[in-house]
Amino acid sequence: MAGPLPAEIFFDAATGRVEPATGHYVKRLSDLAGMFRDEEARQRDVAERGDPLVYEVAEYRQERCDLFLGTTTMQPGNVGGEYYMTRGHFHARRDRGEVYTTLSGAGLLLLENREGRIEVVEMRTGSVALIPPDWAHRSINTGAVPLVFSWVCPVDAGHDYGPILEKGLRKIVVERAGTPQILDNPAFGQTPA
Ligand code: M6P
Ligand code: ZN
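Keep in mind that this is a model prediction, so the values were computed, not measured.

The protein atoms that coordinate the zinc ion (ligand 2) are His89 (NE2), His91 (NE2), Glu98 (OE) and His137 (NE2), at distances spanning 2.0 to 2.2 Å. Viewed at the metal, the four donor atoms of the zinc ion (ligand 2) are separated by angles of 85 to 160°, and the geometry they form is irregular. Motif for the zinc ion (ligand 2), donor spacing along one chain: H-x1-H-x6-E-x38-H. Here histidine 89 is found in the loop between strand 7 (82–83) and strand 8 (98–104), whereas its partner histidine 137 is found in strand 12 (residues 135–141), with 48 residues between them in sequence. Of the two residues examined, histidine 89 and histidine 137, each falls in the buried class.

Scanning the entire structure with this criterion turns up one cavity of 30 Å³ or more. Within this model, the largest cavity holds a volume of roughly 40 Å³. Lining the largest cavity are Glu82, Tyr83, Met85, Leu110, Arg138, Ile140, Lys171, Ile172 and Val173. Mapped onto the lining of the largest cavity, the elements with two or more residues apiece are strand 7, strand 12 and strand 14 (171–176). At three residues, the largest contribution of residues to the lining of the largest cavity is made by strand 14. Grouping the amino acids of the lining of the largest cavity by side-chain chemistry returns six nonpolar, no polar and three charged.

It is worth spelling out the site of ligand 1 at this point. Neighbouring residues of ligand 1: 13 residues in total, closest Tyr55, Thr72, His89, Tyr100 and Tyr161. Interatomic distance of 2.8 Å between a backbone N/O atom of glycine 88 and an oxygen atom of ligand 1. Take tyrosine 100: an N or O atom from its side chain is 2.7 Å from an oxygen atom of ligand 1. Alone, ligand 1 offers 370 Å² of accessible surface; in the complex the protein occludes 97% of this. Residue assignment for the shell around ligand 1 shows that the elements contributing at least two residues are strand 4 (53–60) and strand 8.

The next point concerns the nonpolar core. Within the largest apolar cluster, 34 residues are counted, with the highest numbers of intra-cluster contacts made by Phe36, Tyr100, Leu109, Phe149 and Trp151. For this core, the secondary structure elements donating two or more residues are strand 4, strand 5 (67–74), strand 9 (106–113), strand 11 (128–131), strand 12 and strand 13 (147–154). Setting aside chain neighbours within four positions, we find phenylalanine 36 in contact with Leu29, Arg42, Val79, Glu82, Tyr83, Tyr84 and Met85.

Right, let's get into helix 1 (residues 39–48). What helix 1 keeps buried is the set Ala41, Arg42 and Asp45. Seen from one end, helix 1 has its buried residues packed into an arc of 105°, which puts them on one side. Exposed positions of helix 1 whose direction lies more than 90 degrees from the buried face are Glu40 and Ala47. Buried positions along helix 1 lie against strand 6 (78–79). Positive phi appears at glycine 50, one or two residues downstream of helix 1, with a value of about 70°.

The subject of this paragraph is the side chain of threonine 73. Relative to the assigned elements, threonine 73 resides in strand 5. Looking at threonine 73, its side chain comes within polar contact range of the main-chain oxygen of threonine 15, at 3.3 Å. The residues touching threonine 73, leaving out its near neighbours within four places in the chain, are Thr15, Gly16, Val54, Tyr55, Glu56, Pro146, Leu147 and Val148.

Reading across from one edge, 10-9-12 is the order of the three strands in this open sheet, with antiparallel pairing throughout. The sheet terminates laterally at strand 10 (118–124) and strand 12, the two strands that pair on one side only. Averaged over all neighbouring strand pairs, the angle between strand axes comes to 20°, with direction disregarded.

This paragraph deals with the sheet that holds strand 8. Across the sheet, six strands lie side by side as 3-4-5-13-8-11; this open sheet has antiparallel pairing. The outermost strands of the open sheet, each flanked by one partner alone, are strand 3 (23–28) and strand 11. Across the sheet, the axes of successive neighbouring strands diverge by a mean angle of 20°, strand direction being ignored. Taken together, the six bridges between strand 3 and strand 4 define a ladder with antiparallel strand orientation. What sits directly across from histidine 24, in strand 4, is alanine 58.

How each quantity is defined
As a convention, each chain's residues are numbered from 1 in the sequence order in which they are written. Naming scheme: in the order in which they are written, chains are lettered from A and ligands are numbered from 1. Given that this is a predicted model, residues contribute local features only at a pLDDT of at least 70 and side-chain atom pairs are listed and counted only at 80 or more, while totals for whole chains, interfaces and linings are drawn from all residues. For side-chain calculations, the full set of non-hydrogen atoms in the structure is used, while hydrogens and water are omitted. Donor atoms are limited to N, O and S found within 2.8 Å of the metal ion, a distance that becomes 3.2 Å for Na, K and Ca. With water left out, some sites might look partial. Between 85 and 135 degrees for all angles marks four donors as tetrahedral; over 155 degrees for opposite donors together with 65 to 115 for all other angles marks four donors as square planar and six as octahedral; every other arrangement is irregular. Each helix corresponds to a stretch of at least 4 residues labelled H or I by DSSP, and each strand to a stretch of at least 2 residues labelled E; elements are numbered beginning at the N terminus. Only protein chains enter the accessibility calculation, which uses a 1.4 Å probe. A residue is then buried if its area is under 20% of the maximum for its type, exposed if over 50%, and partly exposed in between. Only protein atoms enter the 1 Å grid used here. Points where a 1.4 Å probe fits but cannot escape make up a cavity, open sets with protein on both sides within 12 Å along at least five of seven lines make up a pocket, and a residue lines them when an atom lies within 4 Å of a point. Grid points are joined across faces, edges and corners, and a volume is the space filled by probe spheres set on the points. Note that Gly is not counted as nonpolar here; it falls among the polar residues with everything else outside the nonpolar set of Ala, Val, Leu, Ile, Met, Phe, Trp, Tyr, Cys and Pro and the charged set of Asp, Glu, Lys and Arg. Proximity is defined per residue: any heavy atom of the residue falling within 4 Å of a molecule or strand makes that residue near it. Two N or O atoms count as a polar contact when they lie within 3.5 Å, although within protein this holds only if one can serve as hydrogen donor and the other as acceptor, and sequence-adjacent residues are included solely when both atoms are side-chain atoms. Note on areas: Shrake-Rupley with a 1.4 Å probe; residue coverage comes only from the protein chains shown. For the purposes of this section, nonpolar cores are sets of buried Ala, Val, Leu, Ile, Met, Phe, Trp, Tyr and Cys residues that join through side-chain atoms within 4.5 Å. In this description, contact between two residues means that some pair of their heavy atoms is separated by no more than 4.5 Å. Relevant arc is that of directions from the helix axis to the C-beta atoms, nothing else. Any two strands with at least two DSSP bridges between them are considered paired. Between the N-to-C directions of two axes lies an angle of 0 to 180 degrees, each axis being a line fitted to C-alpha atoms and, for a helix, fitted only over the stretch in contact.

Printed below as a string of structure tokens:
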């Protein structure tokens, strides 16, 4: 049997379209229960704004290849002032990292390790973020246009959403007078109802 073959994959930097793609999913605001500081505002926005799209992920993978890749496209927006963000995760395998390359838009990559150390990496066109093994990572669109980034990850990395679902991250990113502010998360350590 032939192994995986070399491939050219096209990423549209403005829309995040992946050609060819082998998978795709979307996350709407209704999928993100308990993630934002203001859960009531999230529910209101789901009801009154037609359950807005928050982000989508398109990927390309081949069987028996150790890496896979894709794009994440995040819409601009916020919930009660807290910018749209991904769920955030550790990798299930603690020895697996990931690389994010921002293609368009502007945002912040919030990272936190098991000891509670926080790092923030700016996301802007051309910036490449190295996510070392065992750092939780969450991306946040702080701009007024979609934030599009590509990622490359080992296929066996896996996602561990548990710690963030249970405790959150130690920092949140909110809009104040039009600019992003990184604040202590007042609900850190509390499991959402
Ligand atoms: C990036 C990658 C994916 C991840 C996606 C959404 O594209 O890290 O592995 O699934 O962001 O992030 P999350 O799964 O945390 O919602
Ligand atoms: Zn990851």
